[in-house]
Amino acid sequence: SLKNVLSGPSQELCFSSSVPVQPVPPLSLTLQGYLRALEPLIPGEELIHTRKKVHSFGEEGGLGQQLQEGLERRAKHSNNWISDWWVQWAYLESRQPLPVHSSPAISLPKRDFSDWRGQLVFASKLIAAALDFKNLVDNGRLPVEYMRGQPLCMELFPLLFSSCRIPGRKHDAIAHHIRARHITVVRNFQFFQLEVYNSDGTRMTESQIHAQLLRIRAESWKTDKEPMGILTSEHRHTWGQAYNRLLKDKLNKDSVRAIEKGLFTLCLDSPVLRVSDEKYSSRMAAQILHGGGTYSNSGNRWFDKTLQFVVGEDGSWGILYEQATAEGPPIATLLDHILQYCKKPDPKKTPLVPLRMPKKLYFHIDREIKRDIEHAKQNLDILINDLDIRCFNFRRFGKELPKRHNLSPNAFIQVALQLAYYKVHNEVCATCDIASQRMFRGGRTDYIRSPTNQTLKFVLAFQDPSREIKLELLRDAVETYVALTDQVAYLQSIDRHLLGLKLQAIEEGRSVPSLFMDTAYGLATHWKLRTGQVPANTDSVMCFGPLVPDGYAVCYNPQSDHVHFSITAFNCCEETQAETLAAVLHSTLCQLQELLQSTV
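In this report, the structure presented in the accompanying data block is examined. (Residues numbered from 1 in each chain as written. Predicted model: local features only at pLDDT ≥ 70, side-chain atom pairs only at ≥ 80, totals over all residues. Heavy atoms only, no water.)

It is worth spelling out helix α3 (residues 63-76) at this point. Taking 1.5 Å as the rise per residue, α3 with 14 residues should run 20 Å; its terminal C-alpha atoms sit 20 Å apart, in good agreement. Along α3, the residues that are buried comprise G64, L67, Q68, G70, L71 and A75. What you see down the axis of α3 is that its buried residues fit within an arc of 160 degrees, all on one side. (Helix = DSSP H or I, 4+ residues; strand = E, 2+ residues; numbered from the N terminus. Expected span 1.5 Å × (residues − 1). Buried < 20%, exposed > 50% of the residue type's maximum accessible area, 1.4 Å probe, protein only. Arc of directions from axis to C-beta.)

Where charged atoms from two side chains of opposite charge approach closely, those side chains can pair. Using the criterion set out here, one finds 27 salt bridges in the structure. Notably, a salt bridge pairs K125 with E206, separated by 3.3 Å at the nearest N-O pair. Of this pair, K125 sits in helix α5 (residues 116-138) while E206 sits in helix α7 (residues 206-218); the two residues are 81 residues apart in sequence, bridging distant segments of the chain. Here E206 falls in the buried class, since its relative accessible area comes to 11%. Between D372 and R245 there is a salt bridge, with the nearest N and O atoms lying 2.9 Å from each other. You can see D372 sitting in helix α12 (residues 367-386) and its partner R245 sitting in helix α8 (residues 236-246), a full 127 residues away along the chain. Judged by its relative accessible area of 9%, D372 falls in the buried class. On the accessibility criterion, R245 (22% relative accessible area) is partly exposed. (Salt bridge = Lys/Arg side-chain N within 4 Å of Asp/Glu carboxyl O.)

In terms of nonpolar packing, the biggest core is built from 54 residues, with L213 and F264 touching the most fellow members. Tallying contributions element by element places α5 first for this core, with 11 residues. Taken together, domain 1 (91-388) and domain 2 (395-596) each give at least three residues to this core, which thus spans both. Discounting residues that sit within four places of it in the chain, F264 has contacts with I127, A130, L131, F161, I183, T184, K305, L307 and F309. If you look at the next biggest cluster of nonpolar residues, it comprises 46 residues, including L401, A435, F458 and V459. (Core = buried A, V, L, I, M, F, W, Y, C linked by side-chain atoms within 4.5 Å. Domains from an automatic or database assignment. Contact = heavy atoms within 4.5 Å.)

Cysteine pairs can be covalently joined through their sulfur atoms, and such a bond is termed a disulfide. A full pass over the atoms with the stated rule returns zero disulfides. Free cysteine C267: the closest other cysteine sulfur is in C164, separated by 12 Å. Here C432 stays free of any disulfide, with the sulfur of C429 as its closest cysteine sulfur at 9.5 Å. Of the residues examined, C432 reaches a relative accessible area of 0% and is grouped as buried. (Disulfide = S-S within 2.5 Å.)

Bringing the environment of E72 into the picture now. Looking at where E72 falls in the secondary structure, it is placed in helix α3. Between the C-alpha atom of E72 and that of P25, which follows or precedes it by 47 residues, the distance is 9.4 Å.

Right, let's get into the pairing of strand β2 (residues 105-108). With burial as the criterion, each face of β2 is covered, one bearing A105 and S107 and the other bearing I106 and L108. As paired strands, β2 and strand β17 (residues 541-543) are joined by three bridges and run antiparallel to one another. Note on β17: the bridge partner recorded for S107 is V541. (Pairing = 2+ DSSP bridges.)

Going from S450 to P451, the amide bond is cis rather than trans, its omega being -5 degrees. Mapped onto the fold, P451 is located in the loop between β15 (445-450) and α15 (453-460). Positioned with a positive phi, S162 is a non-glycine residue whose angle comes to about 60 degrees. With respect to the helices and strands, the residue S162 is situated in the loop between α6 (156-159) and β5 (163-166). S162 sits in the buried class, given a relative accessible area of 2%. Despite not being glycine, F189 has its phi angle at roughly 70 degrees, a positive value. In this structure, F189 sits in the loop between β7 (182-187) and β8 (190-195).

Right, let's get into the sheet that holds strand β10 (residues 307-312). Spatially, the eight strands line up as an open sheet ordered β12-β8-β7-β9-β10-β11-β2-β17, and their pairing is mixed. The open sheet has two edge strands with one neighbour each: β12 (359-361) and β17. Averaged over all pairs of adjacent strands, the angle between strand axes in this sheet comes to 25 degrees, irrespective of strand direction. With six bridges connecting them, β7 and β8 associate as antiparallel partners. In the sheet register, V185 faces β8, and the bridge partner there is F192. (Axes fitted to C-alpha atoms, helices over the stretch in contact; angles between N-to-C directions.)

So, about the packing of helix α1 (residues 27-38) against helix α2 (residues 44-58). At their nearest, the axes of α1 and α2 sit 11 Å apart, and the two run at 170 degrees to each other. Between α1 and α2, the interaxial angle falls into the category roughly antiparallel. From α1, L27, L31, Y34, L35 and L38 reach across to α2, where they touch L47, T50, R51, V54, H55, F57 and G58. Split into classes, the residues belonging to the contact of α1 with α2 amount to eight nonpolar, three polar and one charged. (Parallel < 35°, antiparallel > 145°, perpendicular 65-115°, else oblique. Nonpolar A, V, L, I, M, F, W, Y, C, P; charged D, E, K, R; others polar.)

With that out of the way, let us pick up the pairing of strand β16 (residues 529-533). Within β16, four of the five residues are buried, which leaves it mostly tucked inside the rest of the structure. Where strand β14 (residues 431-436) and β16 come together, three bridges link them in parallel fashion. Each bridged residue has a counterpart across the sheet, and for C432 the counterpart in β16 is R530. Note that β16 and strand β18 (residues 552-558) share five bridges and pair parallel. Pairing of R530 across the sheet is with A553, part of β18.

Following this line, the structure appears as structure tokens:
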């Protein structure tokens, strides 16, 4: 289960009392939904074989029913029957590096400064805004969020601060420290512990924070330091071994613990090479996502930290977050608060009290640690060079166009993605759209699956000269996707349930059921399209890497008259190119616009 390390008494998370417990979905509905999801993906003969396996698994008194009863017993004795398992399986037991493979980045619109002075002024404001948000959370004054008129679980919000992932050789853990009073600031690969509360418990003002950041800048001008943060970018097994070596030294242990216990990390990045306006958004998304490489700002990260704010000297800024503890919607709420706060003048007068010097965190680097750093630098640069990233702003229309035609904007974009993928690869593929389950206590996420039979029909008929047929099939595809979205909202999604059945079998000491060893299940969970919508109130761009080597990740942020997209792929796969999919998606959206406007 999820390991939670608390420094101090247990913190009561009274954010979910009005939210219902997540029930286990009916087994028959999940198995039916699984077979429907397979129909567009696998040949008929293989589907007949899989149907037999599914029916055998789900028959009266069969293995599926026994495992279902085990899940129902588990649900009676836990806050949420799947969330801890999901976090453990999807994140803490994953051995992939956190940058690119796991942690999402959000790049925000460029601020109006272009030097280190503006960087520090804005960073001071950003820190004050984040502390103001934390104050709302701590005092129970953060407004409860709603979806479809139902309150959402707010349990994740207190965990955003002072949390950190702890590496292990076989699996990671989560540490949450509730009494932290400092943040970590990193510049030129040098880490500082910055106290952000005065001795009387009040938060520091912006001008106090700014004075401290000036001190940090003066103490971090050297650029020849070893990039300790690079170690956190490693394969988790490798980092787990290096972590144990690192902590044998007391100086290193104290410095690492200070970083882990901090409320969050502020990364003050050095200038990067200028690029054309067309490539700027892609470059900035990459900069937030992984730091740009070992010769750039990747050493200014501690990828295990739940929250990392990145501020560059050129006005660029964003946030990088670790998914075992944080998710897109709560992060969007935090960023919205920060943006609103930044519009206001500093509300607090600065007390005339002397400030303690920020504490520089030192490391003792022996031969073994030096070797670990060099290996990490090589591996991170290989990973960064393998990442193909393309961000663009589609300006022809936004979410208002599909709305005018009574079509869901999210479902419309999902169908467009399926059509674009088919044009590039001449096939459809298993696609997951990340959907929130926060309408349930302790709920995290599940997947809305694509393509549907209706989407496949539309894609195959797109060259049909009849506009009426295409419009009818487009509407069917969009409405079917909306129905799937509703099913996830009302707990009829299938993927977390299937995972729960598999893990329940392992928990009971059984062999993994043959249903999960079937090639169809492997194909259905080989997510060649990983997608996510984080609707924000600003022109932000979210970015993360693909789930599989021959896949893509596509993020989008629909605004009223434009849509921001980020597309990533891996260069190691010759068949997938982010630039190609981006160009085809752009032309596909234009074609769908013409199709819709032909009805006006």
